[in-house]
Amino acid sequence: MDSGTDAALTSLGDPTRARILSLMRSSPDGRVLVGRLATELGLRQPTVSHHMKTLLTDGIVTREPEGRQVWYSVAPDAADRVDAILGRPREATSVDLDRITTDLRSRFGERVSTDQIREVVADSHARLSATDAPLLASRTFSFAASRLEAVAAASANTSETTPNVLFVCVQNAGRSQLAAGILRHLAGDTVTVRTAGSAPTADVRSTIVTALDEIGVSIGDEFPKPLTDDAVRAADVVITMGCGDACPIYPGRRYLDWDLEDPVGKPLTAVRGIRDDIDQRVRGLLAELFVDTPPN
């Protein structure tokens, strides 16, 4: 990883700086004033100036004096690195919720009512829209399908023997994705694996994708998803990672809290250590789930 990427990771490890850059990218002309940022963020102007100075020093933003005002914008050379960490800005797109509902009804219509399918689709779209997620239409379909699978599983009166594990962290972009990727890799379809975040971001972090790829684990088409009651209800085991009391408690579920370092803002070398810690915990969990022959 080059020094520029390291600087971006370090700078954006602070949520206020990440928010500053998000507001900067979403402004009409891509530039902002410190005073206006302070008002929008609800912070004192010296505090915002301090964060801006760090971003400027790290080469993440540029400074453009214009009369008595000073404008800041994302540095052109840093734009790709910022996009990799924050996710690419989502362009306004048309989402055909009726089409999504119809397609999901063909899959779930015999197990879930049409009204509930429509409600889950609308709610999934609203939740993902709040995260500035890209690929909004396809992700709405995938998120709603995952939720409807959970709803159907929770309401079915069957002797289902496949364990269902839910991993929850804050942004659903780091620890939970590492754990889920490794468990899917080891267990295949012998375990149903879901993830969620108490405050999900737009995309899985690039260092997480790289750290998993190094050990032969693909992130596939996974993306950050909001935590929902239906995901918790469908789970046999709920594993939280730094998200406090965000998970609702339901009887009959096993709840574990894994005390793990947060990979946000960490370089790849540190993320590897977190990955390896999670790998050992997942292997222990897999043994406890009594999966006889997990795939290699």
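Note: the structure precedes this text.
Everything quoted here is computed from the prediction, not taken from an experiment.

Trainee: Can you lay out the pattern of salt bridges for me, pointing to particular residues and giving the numbers?
Mentor: Inspection of every chain in the model, using the stated rule, returns 19 salt bridges. Between D29 and R31 there is a salt bridge, with the nearest N and O atoms lying 3.1 Å from each other. Overall, the relative accessible area of 49% leaves D29 in the partly exposed class. Put simply, E66 and R31 hold a salt bridge, and the shortest N to O gap is 3.1 Å. Taken together, the residues span a long stretch of sequence, with E66 in strand β2 (residues 61-66) and R31 in strand β1 (residues 31-33) at a distance of 35 residues. Using a relative accessible area of 43% as the deciding quantity, one classes E66 as partly exposed. For R31, a relative accessible area of 19% corresponds to the buried category. Here the residues in one salt-bridge network are D123, R127, R147 and D230, joined through shared partners.

Trainee: For the packing of helix α2 (residues 15-26) against helix α4 (residues 45-57), give the residues involved together with the corresponding values.
Mentor: It is at 10 Å that the axes of α2 and α4 come closest, and there the two elements cross at 80°. Relative to α4, α2 is oriented roughly perpendicular. Together, T16, R17, I20, L21 and M24 of α2 and V48, H50, H51, M52, T54 and L55 of α4 make up the contact between the two elements. When grouped by side-chain class, the residues that make up the contact of α2 with α4 number 6 nonpolar, 4 polar and 1 charged.

Trainee: How would you explain the environment of P251 if you had to name every residue and give the values?
Mentor: In this fold, P251 is placed in the loop between β6 (237-240) and β7 (254-257). Separated by 18 residues in the primary sequence, P251 and R233 have C-alpha atoms spaced 9.2 Å apart.

Trainee: Just give me the short version of the packing of aromatic side chains, but keep the residues and values in it.
Mentor: Each aromatic ring pair is summarised here by two numbers: the centre-to-centre distance and the angle between the ring planes. In total, this model carries 1 aromatic pair according to the counting rule given. Seen from their ring centres, F167 and W258 are 5.9 Å apart, and the 50° between their planes marks the pair as tilted. Placement of F167 in strand β4 (residues 164-169) and of W258 in the loop between β7 and α12 (268-288) is noted, with a sequence separation of 91 residues between them. For the residue pair F167 and W258, the accessibility class agrees, reading buried in each case. Here R31 stacks its cationic end above the ring of W71, 4.2 Å away from the centre of that ring. Directly above the ring of F223 sits K225, whose terminal nitrogen or CZ lies 4.4 Å from the centroid.

Reading the values: rules and limits
- Residues numbered from 1 in each chain as written.
- Predicted model: local features only at pLDDT ≥ 70, side-chain atom pairs only at ≥ 80, totals over all residues.
- Heavy atoms only, no water.
- Salt bridge = Lys/Arg side-chain N within 4 Å of Asp/Glu carboxyl O.
- Buried < 20%, exposed > 50% of the residue type's maximum accessible area, 1.4 Å probe, protein only.
- Helix = DSSP H or I, 4+ residues; strand = E, 2+ residues; numbered from the N terminus.
- Axes fitted to C-alpha atoms, helices over the stretch in contact; angles between N-to-C directions.
- Parallel < 35°, antiparallel > 145°, perpendicular 65-115°, else oblique.
- Contact = heavy atoms within 4.5 Å.
- Nonpolar A, V, L, I, M, F, W, Y, C, P; charged D, E, K, R; others polar.
- Phe/Tyr/Trp six-rings, centres within 6.5 Å; stacked < 30°, edge-to-face > 60°.
- Lys NZ or Arg CZ within 6 Å of the ring centre and 35° of its normal.

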